[in-house]
Amino acid sequence: MTTLMLLLVPLVGGIVLFGFGCLPKRAAQWFNILLHFVWGFFILKAWISFNPEQVGEVSWSWNWMPSIGSRLDLGVDGLNLPLVALNFILSFLLAFYSLGKEKLGASYLALFSILNAASVGSLLALDAFAFYVFWEFMLIPMYFLIGKWGSKNRVYAALKFFAFTMAGSLLMLLAIVALSSQYGTLSWNALRDAQIPYDGIWGFQGLVFLGFLVAFAVKIPVWPFHTWLPDAHTEAPTGASVILAGVLLKLGVYGIARWGLGLFPMAAQEVAGVMMVLALAGIVLGSFAAWKQSDIKRMIAYSSVAHMGFMVLGLFAFNVEALQGAMFQNLAHGLSTGALFLIFGIIYDRTHTREISQYGGLASKNGLLATAFVFSAMASIGLPGLPGFIGEFLILSGTFFTNKIVACVALSGVLLGAIYMLSMLRRVVFGPVGPTLEAHEIKLAWNEWVAIVPLLVLMLILGLQPQFLFEKAKFSVEWILALMASGWGV
Amino acid sequence: MSELTLIVGLGLCLFSIGIVGFVTRRSGLIALMSLELMLNGVNICLVAFARHHNSPEPSALVMLIVLVAAAEAALALALFVALFRQSGSVDLDDYRMLKG
Amino acid sequence: MDAEFTGATTSLLRWIILFPLLGAIVNGLIVRSRNIKIAGAIGTLASALAFVVSLIVVNQYGFLSEDLGYIVDPWFHWIQVGRINVPFWLEYTPLTGLMLLVVTGIGTLIHVFSLGYMSEEKSPYRFFCYLNLFLSAMLVLVLSSNLVGIFLGWEGVGLCSYLLIGFWYEKNENTAAGMKAFVTNRVGDLGFFIALFLLALHANTFQIRELLTYFAGPSSQLSPVILMCVLAALFWASTGKSAQLPLYVWLPDAMAGPTPVSALIHAATMVTSGIFVTVRLWPLFATQPEILDWMLWVGMATAWLAALIALTQRDIKKVLAYSTVSQLGFMFVALGVGAPVAAFFHVVTHAFFKALLFLGAGSVIHGMHHDQDLFNMGGLKSKMPQTHLTFLVGTLAIIGFPFTAGFFSKDMILAKAFEHGPLAWTLLVLAALMTAFYMLRCYALAFWGKPRSKHAEHAHESGLSMVIPLIVLALGSLLVGWMETPPILFDIHALQQAIEGSWYGMSGEIVGHSGHHLSHATEWILVLVTTAASLGVAYFSFKKFSNQTSRDSASGTVFEWSQNKFYVDELYQFLILRPLSFVASWSWKIVDTYLINGFVHVIRDGLKFSGQLLSFAHTGNVQTYAWYLAAASAASLLLSWWVIS
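This section reports on the structure supplied with the text.

Parameters and conventions
- Residues numbered from 1 in each chain as written.
- Chains lettered and ligands numbered in written order.
- Predicted model: local features only at pLDDT ≥ 70, side-chain atom pairs only at ≥ 80, totals over all residues.
- Heavy atoms only, no water.
- Helix = DSSP H or I, 4+ residues; strand = E, 2+ residues; numbered from the N terminus.
- Buried < 20%, exposed > 50% of the residue type's maximum accessible area, 1.4 Å probe, protein only.
- Contact = heavy atoms within 4.5 Å.
- Patch = residues over 30% accessible without salt bridge, like charges linked within 9 Å, V, L, I, M, F, W, Y side chains within 5 Å.
- Areas by Shrake-Rupley, 256 points an atom, 1.4 Å probe, with all protein chains shown as cover.
- Salt bridge = Lys/Arg side-chain N within 4 Å of Asp/Glu carboxyl O.
- Core = buried A, V, L, I, M, F, W, Y, C linked by side-chain atoms within 4.5 Å.
- Axes fitted to C-alpha atoms, helices over the stretch in contact; angles between N-to-C directions.
- Parallel < 35°, antiparallel > 145°, perpendicular 65-115°, else oblique.
- Phe/Tyr/Trp six-rings, centres within 6.5 Å; stacked < 30°, edge-to-face > 60°.
- Lys NZ or Arg CZ within 6 Å of the ring centre and 35° of its normal.

1. Focus on the overall build of chain C
Next, step 1: The number of helices and strands found in chain C is 26 helices and three strands.
Next, step 2: For chain C, the spread of C-alpha atoms along the principal axes amounts to about 120 × 65 × 55 Å.
Next, step 3: Counting every position in chain C, which comprises 645 residues, the buried fraction comes to 61%.
Next, step 4: The long-range fraction of contacts in chain C, counting pairs at least 24 apart against all pairs at least 6 apart in sequence, stands at 81%.

2. Overview of a nonpolar patch on the surface
Residue and element names in this part refer to chain C.
Next, step 1: There is a patch of nonpolar side chains on the surface, built from Phe403, Ile471, Leu475, Leu478, Leu479, Trp482 and Phe490 and spanning about 670 Å² of accessible area.
Next, step 2: Relative to the assigned elements, Leu478 resides in helix α21 (residues 464–479).
Next, step 3: Judged by its relative accessible area of 33%, Leu478 falls in the partly exposed class.

3. Regarding the nonpolar core
Next, step 1: Ranked by size, the top nonpolar core spans 435 residues in total, and within it A:Phe212, A:Phe316, A:Met378, A:Val429, C:Tyr162 and C:Phe344 carry the most contacts.
Next, step 2: If one sorts the elements of this core by residue count, helix α19 (residues 422–447) of chain C sits on top with 19 residues.
Next, step 3: Beyond its immediate chain neighbours, meaning those up to four positions away, C:Tyr162 contacts A:Met378, A:Leu422, A:Leu425, A:Phe430, C:Gly178, C:Met179 and C:Phe182.
Next, step 4: By size, the runner-up hydrophobic cluster in this structure holds nine residues, among which are B:Ala76, B:Phe80, B:Leu92 and B:Tyr95.

4. Details of the packing of helix α17 (residues 385–399) of chain C against α19(C)
Residues and elements named next belong to chain C.
Next, step 1: The interhelical angle for the contact between α17 and α19, taken along N-to-C directions, is 170°, at an axis separation of 9 Å. Taken as axis vectors, α17 and α19 run roughly antiparallel relative to one another. Residues Thr387, His388, Phe391, Leu392, Thr395, Ile398 and Ile399 of α17 lie in contact with α19, whose contacting residues are Thr435, Ala436, Met439, Leu440, Cys442, Tyr443 and Phe447.

5. As for the packing of aromatic side chains
Next, step 1: Overall, the coordinates contain 68 aromatic pairs over all chains when judged by the stated rule.
Next, step 2: Ring centres 4.9 Å apart and planes at 40° place the aromatic pair C:Phe151 and C:Phe192 in the tilted group. Here C:Phe192 lies in helix α6 (residues 172–203) and C:Phe151 lies in helix α5 (residues 147–165), a separation of 41 residues in the sequence.
Next, step 3: For C:Phe151, a relative accessible area of 0% translates into the label buried.
Next, step 4: Given a relative accessible area of 0%, C:Phe192 falls into the buried group.
Next, step 5: Measuring from ring centre to ring centre gives 5.2 Å for C:Phe391 and C:Phe447, while their planes differ by 45°; the resulting arrangement is tilted. Here the residue C:Phe391 occupies a position in helix α17, and C:Phe447 occupies one in helix α19, the gap between them amounting to 56 residues. For the residue pair C:Phe391 and C:Phe447, the accessibility class agrees, reading buried in each case.
Next, step 6: A cation over a ring is seen here: A:Arg192 above A:Trp188, with NZ or CZ 5.1 Å from the ring centre.

As structure tokens, then:
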């Protein structure tokens, strides 16, 4: 029941929020916060009562489409619970951020809530069709969020995002149809037990895996399917950027972990080499692009491309260090990039420009905010003591165990990260005060600090005490790896 | 040639004249008349079949067609009256609002 | 694997790290005072507390006991995933203890100095916050019991170095210098990463005690090739942090930061991390003579290059910066000839006299109203007597004047170098002579002769808060050397015993080394020759510069090459940075914008175009549609007739 509530609360809350359109904006914003408290209560409950050893255990089910063998199965385990928590945390803090903002009224918050419901739904779904429904459903509120509340080029960005993701997902739909017709069931547990036989990458398991892979590859995004990301992140409003970077991208990684590696391990091993090369391309080329951007949000977006490259490496190295590292880095990156987008969004609310040449000397205008910004940047480039290091270190170690050369090339991402991030900091935070900061005051309201500070504290805690998360995820991860090692059907 | 062939041939001629007339004539009213011609051609064929197979169904169908044709003619003429009031012509080439 | 150690545990060690950390948090986030007295008091108190706890710890566990090395503070468990097991434990060995005292002691003195030096600073809380944070990170580096913990401290000091070099961030050059330091260090850190990966894969442990006991020595379970790769990677990392060729270029630029920062970070503590880690891991290095050879020649080259540049610099801080790089080269030469004790000895003595020199320079700069050009100074010895005296002590120490601390450490290095081979010794002596020359030049130009500018004429001595640390450091530079003296002069080996007791019982003897020792006669000859030569060169330099009247330095092509640091930075720009930047721009513009986005846009335009094509069929004319109907029905009739038949 708790699991169902995790999904229902934001969904129903979102629908209710639409009705707040006639009331003053403050009412909707405070109701949103209240909604999050309710949602948080259930998340806490799920977290506390969570048993790490349950992998893929379905806690709520509804037989909604027996004709294709699909049930609406929801369940938590070590793979999705941390991400659900991350989704909640980011959304909760954003709820505080949106207090008092004129443009963020009832329809914005409602769409946001529905987006939350959809992403949580796809996280909790243990049935392929349910997963697909929620996966696609995420696109609709996101399209409106970007298209209506975004900046200048928003329609192009929204459409690009929608078209790219949908195009990728169509192949996944095809794969699901194939699975349904072949096995008559779409439950993750059942498909796992069915041990889909493998006969080459162009055989049944291979093709179905590729179908799923394309959808996830577009979402993560894996180079070269990444070009929707800079546009979407840049044009989206702050809240959408944070959730996009913090949650939606991670769903791709989660998808590969659960649906890719969990059901089609041999096919995954087959494409591992190609995926690693693409990951490296993403890391290196993404970092290069980030270095040369003159638009700050675009730079952070490209840095996301680079970081997600690391996670793809972790996924396809197939050992416990790399996979745990990838799952952990999901959270670390969600927090650090989320923080970067949030802090910059707060600045952007006042200055309305993203041009880096207009900036400079933020530290002179608001020292604490500059500190927060530098802190998040350091977390992003993997300074030890902050969680980015742990994730990167584990991923790189795991990759090194599998393929030394790939790991050494990926190390360049560590160096390039420092280069582009510090380059940005030099031009934005330090130096003489730039024209746009000269013209605007950068003083933060209480609710904006409430939005930022918990992110920083969480990063610090995670960076020094990551073990509690590793414990939670351990069984699921090791379980998937055992599957891969078992080599059925070969 | 059998009786059937002759009458169906007649119906076919009427139908063809109707089609050609509908497609080529400039005036809308003439096109309507051609349309009626097509329907009547079909009617004659049906009557021939009714007689040949000694079956009442085609005749019933003929009755239906005549009924619908009458209604449709009335409707079409009303449409043309309205269109004429709108644009001052019944020339089919002038009605291009749905282009593209 | 760590559960079965049999040593003692303590929870004292963590306080050495926690006090400065708390100081940083209080200063930076809570109090945020613009009053230097308050900010400085918090910072200095935190540092002093760390020093006090270090004293307690050292007093409790001693320096000279052999079977120590098992005093551990099992603080918390950091990471445990698969093969990666990293407990965040702190460890005490005599070596660590000595380093603790140096870092916290000199650190506290520099905090006191900053109370005077930074008195006009607008946001002193930021300065002391960063200083304390740095201290904290450095202490993590020193105290950590495993290499990943050391890496945490390693990057932490890198971060603080970045923040402190760019402390006066309103000027772009300062931030750029900070960024250069961070990025260059990161290049070195890539080596550290590789070393950690290799250890994770092959050694299954990062704990230093286990690394030494299981993998050093003849019964090592680690293949020599892997070990060599690990050590080479660690040496590469040290090249970055300890400013050796080719990664030394950040250190001279780092002089953009406030002088106390230069004294603490870029002279006494952070830059010696590479040597510290190497000495800590010495038994492993001792099994790989090839790496040691490499260390020797890299150190020698660095020592020479830096000394050559220091000969002609005009800025007092730049002279000292290049001097530091050169002295660090000396330390690596010492390591390379297989003398870790000599290297670490020089670390300690250098910490004292270089900090002294830097703080003295700071006092001079303060008195000169922030003019740093040596050729604008002159005659300061009468205007700033205490600064002059202490600076003189520092200069004498660095050139190895008899019985100063530098004398003992430098001569130990030279003696060990001679044991290795006369070539190494000769080159090193020549570098030492260069040191004598440029240091006396610096001293004479600043303090002797007539004042060459208004600032020099109006200079005055600095306040007590700046003078007292100078005096303490001067005393240190005179006395610290007595912990380790050569056999011909009192034969004290306290340091050697301390260090050798820090290797968990493993031997520091180099594999394949015969370890021949010098006869007393040879030693006397070496000492006398080098001392006489140094003093001679020093006197010559002093005579040349003590009556400097013109504000121009010398000229000539070689001179200009030296003064322009042999264009190494420009070379890096040309060979590495500019091409990299070009590749980055190119790859983004061509690949992302033209290729990928272009492809996507082609698809979009193609779909749009085909849509427009099809729209030709919609003529809006009823008769056309009737044609379509007729044609289509005729076609389908024909088709079905053909199929049926």
